[in-house]
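# Commentary on secondary and tertiary structure
Listed below, chain by chain, are the residues.
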Amino acid sequence: LRLGSTFHGLHAIATQIAPIVSSGIEKMETDTFVLQCLQTLTGVKFVITATPGTTEINELLHAIYEIYADYVLKNPFYEIEMP
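Not measured: the values here are computed from a predicted model. (Residues numbered from 1 in each chain as written. Predicted model: local features only at pLDDT ≥ 70, side-chain atom pairs only at ≥ 80, totals over all residues. Heavy atoms only, no water.)

All told, the structure shown has 1 salt bridge when counted by the stated rule. The partner of K27 in a salt bridge is E29, and the shortest N-O contact between them spans 3.5 Å. Residue classification places K27 among the partly exposed positions, given a relative accessible area of 45%. We classify E29 as exposed; its relative accessible area is 57%. (Salt bridge = Lys/Arg side-chain N within 4 Å of Asp/Glu carboxyl O. Buried < 20%, exposed > 50% of the residue type's maximum accessible area, 1.4 Å probe, protein only.)

Bringing helix α1 (residues 2-17) into the picture now. Compared with the 22 Å implied by 1.5 Å per residue over 16 residues, the 23 Å span of α1 between its first and last C-alpha is a close match. Among the residues of α1, those classed as buried are F7, H11 and A14. The buried residues of α1 occupy an angular sector of 70 degrees when projected down its axis, which confines them to one face. Turned more than 90 degrees away from the buried face of α1 sit R2, Q16 and I17, all of them exposed. (Helix = DSSP H or I, 4+ residues; strand = E, 2+ residues; numbered from the N terminus. Expected span 1.5 Å × (residues − 1). Arc of directions from axis to C-beta.)

This next bit is on the packing of aromatic side chains. Enumeration over the complete set of coordinates arrives at 2 aromatic pairs. For the ring pair F46 and Y65, a centre distance of 5.8 Å and an interplane angle of 65 degrees mean the geometry is edge-to-face. Linking F46 in strand β3 (residues 45-50) with Y65 in helix α2 (residues 57-73), this pair joins segments that are 19 residues apart in sequence. Residue class for F46 comes out buried when judged on its relative accessible area of 13%. Consider the rings of F46 and Y68, whose centres lie 5.3 Å apart with planes at 70 degrees: the pair is edge-to-face. Here F46, found in strand β3, pairs with Y68, found in helix α2; they are 22 residues apart in sequence, far enough to count as distant. The structure contains a cluster of three or more aromatic residues connected by ring pairs, namely F46, Y65 and Y68. (Phe/Tyr/Trp six-rings, centres within 6.5 Å; stacked < 30°, edge-to-face > 60°.)

Written out as structure tokens, the structure is:
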């Protein structure tokens, strides 16, 4: 939770101070972990942590987004501003 909230703050700051139009930080790599973010067109962020050297993280994030989108769009009780 702390890592996610810290990353959200860094992501927001990066979009504002970037010298070019940017969508923010997409990937952060350290010696002990990799943190990757997928921000959808609607502003929903999916963040995943993995060990260094893990491949196909982006594909996994897109697969998670697909499952999430299918679930949300098929839910008759979903309202636009619901998380």
